[in-house]
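# Results of the structural survey
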Amino acid sequence: MTLKTLLVHVDDTPAGKARLDAAVTLAGDKDAHLVGLGIRPPEPVPAYGAAVIPKALVRDISKENDEHMSALRKRFEEKLRQAGREAASEWRAVTGEPEDSASLHGRYSDLMILGQVGLKQTPEALRDLAEAVILESGRPVLVIPEKGASTSIGRRILVAWDGSREAARAVSDALPFLRDSEKVTLLSVKSKASQEFPGADIAAHLDRHGVNVETDSQTAQGATGEVIMKQAESLGCDLIVTGAYGHARWREIVLGGVTNTLLRRSPLPVFMSH
């Protein structure tokens, strides 16, 4: 598979601007078509209140939302114009529940580029967008951290490997990155009492795809997510690839887990598939 269509969620937060920068750079690197998605939530006027809420107030809310979408489109188009890629891009403004809208439009792309989960600067309705879309869209998601990404995404990659269906799906979806990378490290992390997941077989599979890959194994001294982030930084990686939610989602939320940790705290972009 090659990356032909990327979709980036556009908002007006500082993290959103950094995400757009990363998306434009990645689209140029992959020579991919970039879709900018602006999501306009439904008007906050319940049906039973439409008769009593002044029409002028409804018009003001609608006008404000229109202006907001227009400003987002202008930012997106200006960024593409500066990069000389306006012909390989398009803008979509949609109205609806953010999670449903992003999941639907993401299905028409090869990869969605979304923001880190739980950022206080992000409007509440969009704060957990990536988490929901990873589970609902059927497409891989690239989560860009609050500070943005380095000038390259995928030069050196760490793959978190545990032998699960989700990890296998992530490796397959990430092949366009893995093939183009300088070096890929397959990392398996185990506790002292748990089974180890050696990466020799998946490494051989990737080698046949032309990936420059090596394996690594670590014994967790703490949370697995922390081990992954620490090892990725120590190896000078600029991307983490991992499966999402190998355990039940409620268990990850209540007890913590790799997906939960990386979605909220990774200093590097994270490529996730479910």
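Analysis parameters
Residues numbered from 1 in each chain as written. Predicted model: local features only at pLDDT ≥ 70, side-chain atom pairs only at ≥ 80, totals over all residues. Heavy atoms only, no water. Pairing = 2+ DSSP bridges. Helix = DSSP H or I, 4+ residues; strand = E, 2+ residues; numbered from the N terminus. Axes fitted to C-alpha atoms, helices over the stretch in contact; angles between N-to-C directions. Contact = heavy atoms within 4.5 Å. Polar contact = N/O pair within 3.5 Å; in protein donor to acceptor, adjacent residues only side chain to side chain. Phe/Tyr/Trp six-rings, centres within 6.5 Å; stacked < 30°, edge-to-face > 60°. Buried < 20%, exposed > 50% of the residue type's maximum accessible area, 1.4 Å probe, protein only. Parallel < 35°, antiparallel > 145°, perpendicular 65-115°, else oblique. Nonpolar A, V, L, I, M, F, W, Y, C, P; charged D, E, K, R; others polar. Core = buried A, V, L, I, M, F, W, Y, C linked by side-chain atoms within 4.5 Å.

Right, let's get into the sheet that holds strand S8 (residues 213–219). Strand pairing in a sheet takes place through backbone hydrogen bonds and is either antiparallel or parallel in direction. Read across the open sheet, the 10 strands follow the order S3-S2-S1-S4-S5-S10-S9-S6-S7-S8; overall the sheet is mixed. The strands lining the two open edges of the sheet, one partner per strand, are strand S3 (89–95) and S8. Within the sheet, the average angular offset between the axes of one strand and its neighbour, ignoring direction, is 25°. Bridge count between strand S5 (residues 141–144) and strand S10 (residues 270–273): 3 bridges; the pairing is antiparallel. If you follow Val143 over to S10, its bridge partner there is Val270. Contacts from helix H7 (residues 200–208) reach strand S7 (183–190) and S8, with the element oriented near 160° to S8.

Of note, Ser137 is situated in the loop between helix H4 (129–136) and S5. Side-chain polar atoms of Ser137 contact the backbone nitrogen of Arg139, separated by 3.1 Å. Ignoring anything within four residues of it in the chain, the contact list for Ser137 reads Ser103, Arg107 and Met112.

Our focus in this paragraph is the packing of aromatic side chains. Two aromatic rings are characterised by how far apart their centres lie and by the angle between their planes. Inspection of the entire model under this criterion finds 2 aromatic pairs. Ring geometry for Phe76 against Trp91: centres 5.7 Å apart, planes inclined by 45°, an arrangement best described as tilted. With Phe76 in helix H2 (residues 55–82) and Trp91 in strand S3, this residue pair connects regions lying 15 residues apart in the sequence. Neither Phe76 nor Trp91 differs from the other in exposure class; each is buried. Ring plane angle 70° and centroid distance 5.7 Å describe the contact between Phe177 and Phe271, whose orientation is recorded as edge-to-face. Remark: Phe271 occurs in strand S10 and Phe177 occurs in helix H6 (residues 175–180); sequence separation between them is 94 residues. Phe177 sits in the buried class, given a relative accessible area of 1%.

Running from N to C, helix H8 (residues 224–234) and helix H10 (residues 258–265) point in directions that differ by 50°, and their axes come no closer than 8 Å. Here H8 lies oblique to H10, going by the angle between them. In this structure, H8 contributes Thr224, Gly225, Glu226, Ile228 and Met229 to the contact, and H10 contributes Val258, Thr261, Leu262 and Arg265. Residue composition of the contact of H8 with H10, grouped by class: 4 nonpolar, 3 polar and 2 charged.

This part takes up the nonpolar core. One finds Leu6, Leu34, Leu142, Phe177 and Leu178 to be the most contacted residues of the largest nonpolar core, which totals 42 residues. Ranked by the residues each element gives to this core, the list is headed by helix H1 (residues 14–30), at 6 residues. Residues Leu129, Val143, Ile240 and Val270 belong to the second largest nonpolar core, which totals 32 residues.

Spatial relationships are all this shows, so hold off on functional conclusions.
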